Amino acid sequence: MSDKHAIEVFQDLSILGPETRRAELREALIAATATPWERGIDAEKDLSRMARGDDVLVFQRQSDKSLPAARLTLWSREGGYTITNIVPRELDRLTYAQYNGLLQEFERLIAKPAAFDRLRRRTLFSPAIP
């Protein structure tokens, strides 16, 4: 199939494992925060007011040569977290390539190391990236 006929989609990412270890996964994600990503604590506080008891984590990054500035939200789900949104911080919107690039960078730098290395070398990472 030719690339010019490929369908572009926004990719998804979930980090799943035993529900009894979700708090540990949360701490591992926070501890794994790596440049260019940092926690968006103010955004977390704002979202937590609307979360109705759900746990929310927010990470953000500044723009660089490869990707734009963005904020990424992880919302608690049974057994882990799902990235529910990635929004630009300086642009009006993200292209498919930018959104997916941000998601893949977050997966590589934070999600995968947190789910594997921090949780007793037991992989709890389960991406839903096509």
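Further up the page is the structure itself.
Small disclaimer: the values here were computed from a predicted structure and weren't measured. (Residues numbered from 1 in each chain as written. Predicted model: local features only at pLDDT ≥ 70, side-chain atom pairs only at ≥ 80, totals over all residues. Heavy atoms only, no water.)

A.B. asks: Describe the pattern of salt bridges, listing the residues and the values that go with them.
C.D. replies: Within this structure, the stated rule accounts for 8 salt bridges. Where Arg 49 meets Asp 46, a salt bridge forms, and the shortest distance between an N and an O atom there is 3.0 Å. Of this pair, Arg 49 and Asp 46 both sit in helix α2 (residues 41–50), 3 residues apart, roughly one helical turn. Owing to a relative accessible area of 65%, Arg 49 belongs among the exposed residues under this scheme. Linking Asp 64 and Arg 61 is a salt bridge whose minimum nitrogen-to-oxygen distance equals 2.8 Å. On the basis of relative accessibility, which here comes to 1%, the residue Arg 61 falls in the buried class. Salt bridges here are not isolated pairs; linked through shared partners, they connect Arg 26, Glu 27 and Asp 55. (Salt bridge = Lys/Arg side-chain N within 4 Å of Asp/Glu carboxyl O. Helix = DSSP H or I, 4+ residues; strand = E, 2+ residues; numbered from the N terminus. Buried < 20%, exposed > 50% of the residue type's maximum accessible area, 1.4 Å probe, protein only.)

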